[in-house]
Amino acid sequence: MLSLTAHLLHSQGGRSYQEDAWGYHVRQDVACLVVADGAGGHGGGDLASQLVVRAILEQHAMQPQCSMEAAAALIQHAQQVVLAGQRRFAQYTDMRSTVVMALVDLATGQAVFGNVGDSRAYWFHDATVLLQTRDHSLVQQMVDAGMIGSDQIRSRKERSVLTSSLGSPGALEPYVYELGRPAAAGDVLLLCTDGLWEYVHEDEMQQVLRLDQDGDRHLACFEQRVQQRAPRHCDNFTGLMAVFHRDDAATGQALDPESTVIAPLDPLGRGPA
C-alpha cells in the first residue's frame, strides 16, 4: 500500500491576478490530483480554472475509480460545468481553461492521467521521466508533423496558441494515458502549468530531483529558475508535486484518506490574491 506527500508551488508570477487553480484528495484509496490554468486572453479564466478543479474533485468523490475511462469522463464532466458557467455568467461567455489530472490507486499502484491544453503531468522514477503528457497546442502539432524539433517548443512565437481547451465549443478530445508500470515508493508526480515548465526543462527537473531534499525544496529550485528566466510580467505558475512512499515510510504532510484540499471558489471569478 502506498501513501503520498503533497507539495505545492502556486505563484501569481508577474500578474496582478491568479488564473491557476489546483486541488487533490483521496477517496477509497484512489488519489485524484488536478491543476488547471485559465486560458490567457479570455475573460473569467480564473473562474473557469476553479470550476474545472472543483467539478473533477466533486465527481471523483462520488465515484472514486482509477482508469483511463474514468479520467476521460471526469474531464468531460468538467467541460460541461464550464459550458454551464458560460451560460450562467453573461460576462464570462468566452471563459476557457486547461486541465491536467492524475488518478493513482494507492493499493495497486495503477496511475492514469488526462489533459487538455498545455498544462502537463510528469512522472519520475529514480529521478528519470517515465511519462510526459502531450500538449494541445500549435507547436505540438508542428513537432508531430516533423516541422520543428521538440527542443523548439519553448522558443517558438506560436508556443501559446492552444488547439483545445475546456469551454471551447464542439467535441472535446482529452489525451489520456496509463503509466506502463505500477507506481513505486520514491516515485514523483508533478502536475504543472505552462508558466512553470516553459522555464524549467525536463533535464533540469531530473537534476533537481536527484538532490537529497524534500518536495518543498525541489519546488523552490523550480521557482528560482522561473524567477531567473521569466520576464518581469510573467504568467502565473503552479506545480503540484506528489511524492510516493510505502505506508510505514511516509514522512511530512501525507494525505489523509478522507481529506480534500482545493483552492477556494470565488463565484465572481476573482482568484485569490
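These notes cover the structure that comes with them. (Residues numbered from 1 in each chain as written. Predicted model: local features only at pLDDT ≥ 70, side-chain atom pairs only at ≥ 80, totals over all residues. Heavy atoms only, no water.)

## Brief notes about the side chain of Asp 187
We count it as follows: Numbering of helices and strands runs from the N terminus, with a helix taken as a DSSP run of H or I at least four residues long and a strand as a DSSP run of E at least two residues long. Burial classes: relative accessible area under 20% of the type maximum marks a residue as buried, over 50% as exposed, and values in between as partly exposed (1.4 Å probe, protein chains only). A 3.5 Å cut-off defines polar contacts: any pair of N or O atoms within that distance qualifies, except that in protein one atom must be a possible hydrogen donor and the other a possible acceptor, and neighbouring residues in sequence count only when both atoms are side-chain atoms. For this analysis, residues touch if any pair of their heavy atoms sits within 4.5 Å.
Topologically, Asp 187 is positioned in the loop between β8 (175–178) and β9 (188–192). Taking relative accessible area as the criterion, Asp 187 reaches 0% and is therefore assigned buried. Of the polar contacts made by the side chain of Asp 187, one reaches the side chain of His 125; its length is 2.6 Å. Side chain to side chain, Asp 187 and Arg 181 meet in a polar contact 3.1 Å long. The residues contacting Asp 187, other than those within four sequence positions of it, are Trp 123, Phe 124, His 125, Arg 181, Pro 182, Ala 242, Val 243 and Phe 244.

## Looking at helix α6 (residues 215–229)
Here is the rule we go by: In this scheme, a helix's expected span is set at 1.5 Å multiplied by one less than its residue total.
For α6, spanning 15 residues, the distance from its first C-alpha to its last is 21 Å, which sits close to the expected 21 Å at 1.5 Å a residue. Sitting at the head of α6, Asp 214 places a side-chain oxygen 3.2 Å from the backbone nitrogen of Asp 216.

## Considerations on the pattern of salt bridges
Quick reminder of the rule: Think of a salt bridge as a Lys or Arg side-chain nitrogen and an Asp or Glu carboxyl oxygen that are within 4 Å of each other.
Applying the stated rule across the entire model yields 12 salt bridges. Among the ionic pairs, Asp 118 bridges to Arg 159, the shortest N-O distance being 3.6 Å. On the criterion of sequence distance, the pair formed by Asp 118 in the loop between β5 (111–116) and β6 (120–125) and Arg 159 in the loop between α3 (138–144) and β8 is long-range, its members being 41 residues apart. The pair Asp 118 / Arg 159 is uniform in exposure class, with both members buried. Residue Glu 202 is joined to Arg 154 by a salt bridge in which the shortest nitrogen-to-oxygen separation is 2.9 Å. Residue Glu 202 is located in helix α5 (residues 202–209), and its partner Arg 154 is located in the loop between α3 and β8; the two are separated by 48 residues in the primary sequence. If you follow the salt bridges from partner to partner, you end up with Asp 118, Arg 159, Asp 194 and Glu 198 in one network.

## Section: helix α1 (residues 45–62)
The terminal C-alpha atoms of α1, which comprises 18 residues, lie 26 Å apart, in line with the 26 Å expected from a rise of 1.5 Å per residue. Along α1, 13 of the 18 residues are buried, which leaves the element largely enclosed by surrounding structure.

## A short note on the nonpolar core
We apply this condition: Each nonpolar core is a collection of buried residues, namely Ala, Val, Leu, Ile, Met, Phe, Trp, Tyr and Cys, held together in the definition by side-chain atoms within 4.5 Å.
Core analysis: the biggest nonpolar cluster contains 30 residues, and Val 34, Val 52, Ile 56, Val 99, Met 101, Leu 103 and Leu 166 have the highest contact counts within it. The dominant element in this core, judged by the number of residues it contributes, is α1, at 8 residues. Beyond its immediate sequence surroundings of up to four residues, Met 101 is in contact with Cys 32, Leu 33, Val 34, Ile 56, Ala 71, Leu 74, Ile 75, Val 112, Phe 113, Gly 114 and Leu 191.

## Focus: the sheet that holds β9
We count it as follows: What makes two strands pair is DSSP finding at least two bridges between them. Note on geometry: axes are C-alpha line fits, over the in-contact stretch for helices, and angles between N-to-C directions span 0 to 180 degrees.
Spatially, the 5 strands line up as an open sheet ordered β1-β10-β9-β6-β7, and their pairing is antiparallel. Of all the strands in the sheet, just β1 (2–11) and β7 (128–132) have a single pairing partner and so form its edges. In this sheet, adjacent strand axes meet at a mean angle of 20 degrees when their direction is disregarded. One ladder, built from 4 bridges, connects β6 with β7; its direction is antiparallel.

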